[in-house]
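Coordinates in review
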Amino acid sequence: MILAREPKSASDQAARICRVIEACRNAIAAQEAHLCDLDCAIGDGDHGTNMRRGLEALAAERQQLAAMPVPEAMIAAGTILVMSIGGAAGPLYGTLLLEIGKGLAAEPPPAKFPDVFQQAVAAVARRGKSHPGEKTLLDVLYPFSEAVISDTPLQQLAEQAQGFADMTIDMKAMRGRASFLGDRSVGHMDPGAASCALLCQVVCHELAKAGAA
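The structure contained in this document is the topic of the report that follows.

Definitions and cut-offs
Residues numbered from 1 in each chain as written. Predicted model: local features only at pLDDT ≥ 70, side-chain atom pairs only at ≥ 80, totals over all residues. Heavy atoms only, no water. Helix = DSSP H or I, 4+ residues; strand = E, 2+ residues; numbered from the N terminus. Buried < 20%, exposed > 50% of the residue type's maximum accessible area, 1.4 Å probe, protein only. Areas by Shrake-Rupley, 256 points an atom, 1.4 Å probe, with all protein chains shown as cover. Lys, Arg positive; Asp, Glu negative; His and termini not counted. Charge placed at Lys NZ, Arg CZ, Asp CG, Glu CD. Contact = heavy atoms within 4.5 Å. Polar contact = N/O pair within 3.5 Å; in protein donor to acceptor, adjacent residues only side chain to side chain. Axes fitted to C-alpha atoms, helices over the stretch in contact; angles between N-to-C directions. Parallel < 35°, antiparallel > 145°, perpendicular 65-115°, else oblique. Left-handed = near helix turned anticlockwise from the far one by under 90°. Nonpolar A, V, L, I, M, F, W, Y, C, P; charged D, E, K, R; others polar. Core = buried A, V, L, I, M, F, W, Y, C linked by side-chain atoms within 4.5 Å. Salt bridge = Lys/Arg side-chain N within 4 Å of Asp/Glu carboxyl O.

**Focus on the overall build of the protein**
When helices and strands are tallied, the protein shows ten helices and zero strands. When the helices and strands of the protein are read in sequence order from the N terminus, they spell out α-α-α-α-α-α-α-α-α-α. In terms of its C-alpha atoms, the protein occupies a principal-axis envelope of roughly 50 × 35 × 30 Å. Counting only residues that meet the buried cut, the protein has 50% of its 213 residues in that class. By element, 56% of the accessible surface of the protein is carried by carbon and sulfur atoms, the whole surface being about 9,900 Å². Separation between the mean location of the 19 positive side-chain charges and that of the 24 negative ones in the protein comes to 3 Å.

**Let's talk about the side chain of H47**
With respect to the helices, strands and loops of the structure, H47 is situated in helix α3 (residues 47-60). Judged by its relative accessible area of 8%, H47 is buried. Leaving out residues up to four positions away in the same chain, H47 has contacts with L35, C36, D39, A89, P191, G192 and S195.

**A few points about the environment of K172**
You can see K172 is positioned in the loop between α9 (154-166) and α10 (191-212). On a C-alpha basis, the gap between K172 and G182 in space is 6.6 Å, while along the polypeptide they are ten residues apart. Ignoring sequence-local partners within four residues, the contact set of K172 consists of G133, E134, K135, G182, D183, S185 and V186. Reaching out from K172, the side chain makes a polar contact with the side chain of D183 at a distance of 3.5 Å.

**Digging into unusual backbone geometry**
Of note, the phi angle at K129 is positive, near 50 degrees, even though the residue is not glycine. Structurally, K129 can be placed in the loop between α7 (113-128) and α8 (138-149). Classification of K129 as exposed rests on a relative accessible area of 64%. Positive phi values are uncommon outside glycine, yet K135 reaches one of about 65 degrees.

**What to know about the environment of L104**
Following the sequence through the fold, L104 ends up in helix α6 (residues 89-106). For L104 and D115, which are eleven residues apart along the polypeptide, the C-alpha to C-alpha distance reads 9.7 Å.

**Section: the packing of α8 against α9**
Packing of α8 against α9 brings their axes to within 9 Å, and their N-to-C directions diverge by 150 degrees. One element, α8, and the other, α9, form an angle in the roughly antiparallel class. Remark: the crossing between α8 and α9 carries right-handed chirality. Residues D139, V140, P143, F144, A147 and V148 of α8 form the contact with α9, whose own contacting residues are L157, Q160, F164 and A165. Of the residues contributing to the contact of α8 with α9, the split by class is eight nonpolar, one polar and one charged.

**Remarks on the nonpolar core**
Counting 62 residues, the largest nonpolar core has I100, F117 and L141 as its most contacted members. Counting residues per element, this core draws most heavily on α10, which supplies eleven residues. Excluding its chain neighbours within four sequence positions, the residues that come into contact with F117 are L96, I100, L141, F144, S145 and V148.

**Section: the pattern of salt bridges**
One pass over the full model with this rule turns up nine salt bridges. Among the ionic pairs, R25 bridges to E22, the shortest N-O distance being 2.7 Å. Residue R25 and its partner E22 are located together in helix α1 (residues 10-30), separated by three residues, close to a single helical turn. Relative accessible area serves as the criterion here: at 22%, R25 is assigned to the partly exposed category. A salt bridge links R175 to E134; the nearest nitrogen and oxygen atoms lie 3.8 Å apart. One end of the pair, R175, is in the loop between α9 and α10; the other, E134, is in the loop between α7 and α8, with 41 residues separating them in the sequence. Judged by relative accessible area, which is 14%, E134 ranks as buried.

Shown next as structure tokens:
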């Protein structure tokens, strides 16, 4: 699923990686103010800015990343995000990509991406010492990974992602700065869940287009 259909050549794969990174960068840039507004309600107000900084750092290295085998590219991309996204989001998003890369490298070919992705999400939960239902990006990643395991079509995955983020609106925050608000955190979407849903949507759309090409 990670690359939809197999690329015809190394250059095809490189172009696909570049398109995915560029699309993610553009989507985050377009939603920066919205993500900051969500974070202003229950956090520090800088989530959109932090995510934009991280995706710009990733985009700056897209040509180098595209020249690497996919597992190495994922590990390198994860390292970039850890170093460039501020707050708690950097280690969490970075862990997700790092663990995907390690999992793909460890699996005998062909790698079973759904299993690797599920294990990477579990690693994010361990890193954040959190669980689904606590109003974090895990409330998107866990149901998304279950849908991936179920071999849900990419377009359907993209459509479901925002719904996972919407479900955090009625949750009480149990982790991070938002948890200090207690019941007052209810009624606000978690900004991490919002950015996660956005990125999941973009990646699915780009891979679906690649698969149809």
